[in-house]
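# Architecture and fold: a report
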Amino acid sequence: MSKKIDYAIWGVCALFLVLAVVVVATFNGKNGKEEYQTYTVQAREETYYSGVVAPEDKQSVSAKPLDKETLTSQPMKNGEKVTKGQTIFTFSKDMTAQISSVNAEIQQLQSMNSTLQAQQSSATAAASTSTDSTDSLASTPTTSVDNSMQIAQNTSQITSDQSKLAELNEEANRTVTSPIAGTLIKDASGSYAVYGKPVILGNVNEFELSNIKNNQDVIVYKNNGTKMYGTITEIDKAPYNSSSSVSYYHFQITADQNLTFGMHVQIKAKSKGYKIPANAVHDDDYVYVLKDGQKKKVYLDLNKSGDFYYTHSGLKAGQKLVLD
């Protein structure tokens with residue numbers, strides 16, 4: 001008899017337990033407290049690229065003497081600023097014999113021309129006197145002298161010799177000038193080059209290439225943490241390094257501070273914004289934000305990149321988005 005009473009009591013308890021669960025579930029449903037799968041919004045996703053300071057232009061200049069030359073001076077020293085056309089090195093070479101020979105030929109031709117011109121002038125004067133004589137029968141016939149062709153040939157040779165003389169003098173006193181404005185730098189091998197204005201060369205792979213634009217402002221961090229501002233001024237049209245899986249491109253940044261060639265930096269581009277998984281986005285323009293157990297529709301200005309969406313406003317870190 002007691003066992004039957006025990007079974008009855010347990011049966012009543014089980015019935016009350018089931019009723020309690022149903023009541024609680026019904027109560028929660030009426031108060032909108034449904035269970036949702038959510039995604040917690042993280043802080044804005046920042047994008048960084050590596051970079052190095054390099055010259056905008058670089059032109060080699062040689063300090064090596066040519067055959068039989070001697071380096072006579074170096075007005076500009078390693079590390080100094082130079083302007084375009086400024087003398088960097090001067091060389092000398094003994095060209096005395098060649099220069100003397102050409103000078104002697106020029107003097108000889110000039111002397112010859114003076115003689116020919118004097119003969120021609122004398123003959124012209126004599127002919128004029130004969131014509132003006134009143135006694136034509138008594139006058140002696142004169143012979144015409146025309147040295148114009150020979151004088152012209154000599155003059156042409158003089159011009160050629162003068163050009164040759166200029167070349168010999170230049171060879172005897174050769175100068176190397178700066179091809180561009182910049183800084184004269186000597187590398188570890190002893191070679192010299194003029195480095196143009198320092199700029200930052202950033203590196204970006206093909207998947208991120210669409211995220212950078214000309215005239216885009218960026219923040220540049222030196223290795224010591226110092227921050228400066230810059231602007232993207234040029235983006236490569238072709239990769240500088242390519243493999244079977246990914247290609248890399250350079251982009252150029254002009255910064256607002258003096259930079260040291262070879263310095264490595266980190267480049268912070270414009271934030272991509274808050275990252276949102278695709279299964280939280282509806283119709284490409286709104287999400288549901290969960291607050292106090294309730295869904296709230298929020299319209300956003302979204303950009304898609306890969307498998308995610310991004311937005312710069314309308315959300316904040318810590319909010320929960322309802323996932324499908």
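Located above this text is the structure these notes cover.
Everything quoted here is computed from the prediction, not taken from an experiment.

## Some words on the pattern of salt bridges
Going through the model one piece at a time under the given rule, you end up with two salt bridges. The salt bridge partner of Glu69 is Arg174, with a shortest N-O separation of 2.8 Å. Here Glu69, found in the loop between β3 (58–61) and β4 (70–73), pairs with Arg174, found in strand β7 (residues 173–177); they are 105 residues apart in sequence, far enough to count as distant.

## A short note on the sheet that holds strand β19 (residues 303–305)
With antiparallel pairing, three strands are arranged side by side in an open sheet as β16-β20-β19. The sheet is open, and its two edges are formed by β16 (274–277) and β19, each paired on a single side. Neighbouring strand axes in the sheet, compared pairwise and without regard to direction, differ in orientation by 35° on average. Relative to strand β20 (residues 308–311), β16 runs antiparallel, the two sharing four bridges. Note on β20: the bridge partner recorded for Pro277 is Phe308.

## Notes on the side chain of Thr183
Structurally, Thr183 can be placed in strand β8 (residues 182–186). Take Thr183: its relative accessible area is 10%, and that puts it in the buried class. There is a polar contact of 3.2 Å between the side chain of Thr183 and the side chain of Lys81. For Thr183, the residues in contact, after removing those within four places along its chain, are Gly79, Glu80, Lys81, Ala193, Val194 and Tyr195.

## Regarding the packing of aromatic side chains
Between two aromatic rings, the relevant description is the distance of the centres plus the angle of the planes. Enumeration according to the criterion identifies five aromatic pairs in this entry. Consider the rings of Tyr49 and Phe251, whose centres lie 5.7 Å apart with planes at 80°: the pair is edge-to-face. With Tyr49 in strand β2 (residues 48–55) and Phe251 in strand β14 (residues 247–255), this pair connects stretches of sequence that are 202 residues apart. Accessibility assignment for this pair places Tyr49 and Phe251 in one class, buried. With 5.8 Å between their ring centres and 85° between their planes, Tyr286 and Tyr288 make a pair best called edge-to-face.

## A short note on the environment of Asp324
Considering the arrangement of structural elements, one finds Asp324 in the segment after β21 (320–322). Taking the C-alpha atoms as reference, Asp324 lies 6.3 Å from Ala280; in sequence the two are 44 residues apart. Look past the residues within four positions of Asp324 in its chain and what remains in contact with it is Gln37, Asn279 and His282.

## Notes on the pairing of strand β17 (residues 286–291)
Bridge count between β17 and strand β18 (residues 294–299): six bridges; the pairing is antiparallel. In the strand pairing of β18, Leu290 is matched with Lys295. Linkage of β17 to β18, two consecutive antiparallel strands, is achieved through a turn of two residues, within which Asp292 is found at a positive phi near 55°. With two bridges joining them, β17 and β21 adopt antiparallel strand pairing. Bridging across to β21, Leu290 finds its partner in Lys320.

## Brief notes about the sheet that holds β17
Strand order in the open sheet formed by four strands is β1-β21-β17-β18, and the pairing between neighbours is antiparallel. The open sheet has two edge strands, β1 (38–40) and β18, and neither has a second partner. Neighbouring strand axes in the sheet, compared pairwise and without regard to direction, differ in orientation by 40° on average. Pairing of β1 with β21, which is carried by three bridges, proceeds in the antiparallel orientation.

## Examining the side chain of His282
By secondary structure assignment, the location of His282 is in the loop between β16 and β17. His282 has contacts with Val287, Tyr288 and Asp324, leaving out every residue within four places of it along the chain.

## Observations regarding the environment of Met263
Considering the arrangement of structural elements, one finds Met263 in the loop between β14 and β15 (264–268). Exposure remark for Met263: the relative accessible area of 22% places this residue in the partly exposed category. Along the primary structure Met263 and Lys222 are separated by 41 residues, whereas in three dimensions their C-alpha atoms are 7.9 Å apart. Sequence-distant contacts of Met263, that is, excluding residues within four places in its chain, are made with Gly51, Val52, Val53 and Lys222.

## Thoughts on helix α3 (residues 148–172)
Under the 1.5 Å per step criterion, the end-to-end length of α3 is 36 Å for 25 residues, consistent within 8% with the ideal 36 Å. All buried positions along α3 are accounted for by Ile151, Asn154, Ile158, Asp161, Leu165, Leu168 and Ala172.

## Some words on unusual backbone geometry
Residues apart from glycine generally show negative phi values, whereas peptide bonds are mostly found in trans. The backbone of Asp283 shows a phi angle near 55°, a positive value even though the residue is not glycine. For Asp283, the position within the fold is in the loop between β16 and β17. Here the phi dihedral of Asp292 falls at roughly 55°; this positive angle occurs in a residue that is not glycine. Its place among the elements puts Asp292 in the loop between β17 and β18. Relative accessible area serves as the criterion here: at 73%, Asp292 is assigned to the exposed category.

So, how was this worked out
Residues numbered from 1 in each chain as written. Predicted model: local features only at pLDDT ≥ 70, side-chain atom pairs only at ≥ 80, totals over all residues. Heavy atoms only, no water. Salt bridge = Lys/Arg side-chain N within 4 Å of Asp/Glu carboxyl O. Helix = DSSP H or I, 4+ residues; strand = E, 2+ residues; numbered from the N terminus. Pairing = 2+ DSSP bridges. Axes fitted to C-alpha atoms, helices over the stretch in contact; angles between N-to-C directions. Buried < 20%, exposed > 50% of the residue type's maximum accessible area, 1.4 Å probe, protein only. Polar contact = N/O pair within 3.5 Å; in protein donor to acceptor, adjacent residues only side chain to side chain. Contact = heavy atoms within 4.5 Å. Phe/Tyr/Trp six-rings, centres within 6.5 Å; stacked < 30°, edge-to-face > 60°. Expected span 1.5 Å × (residues − 1).

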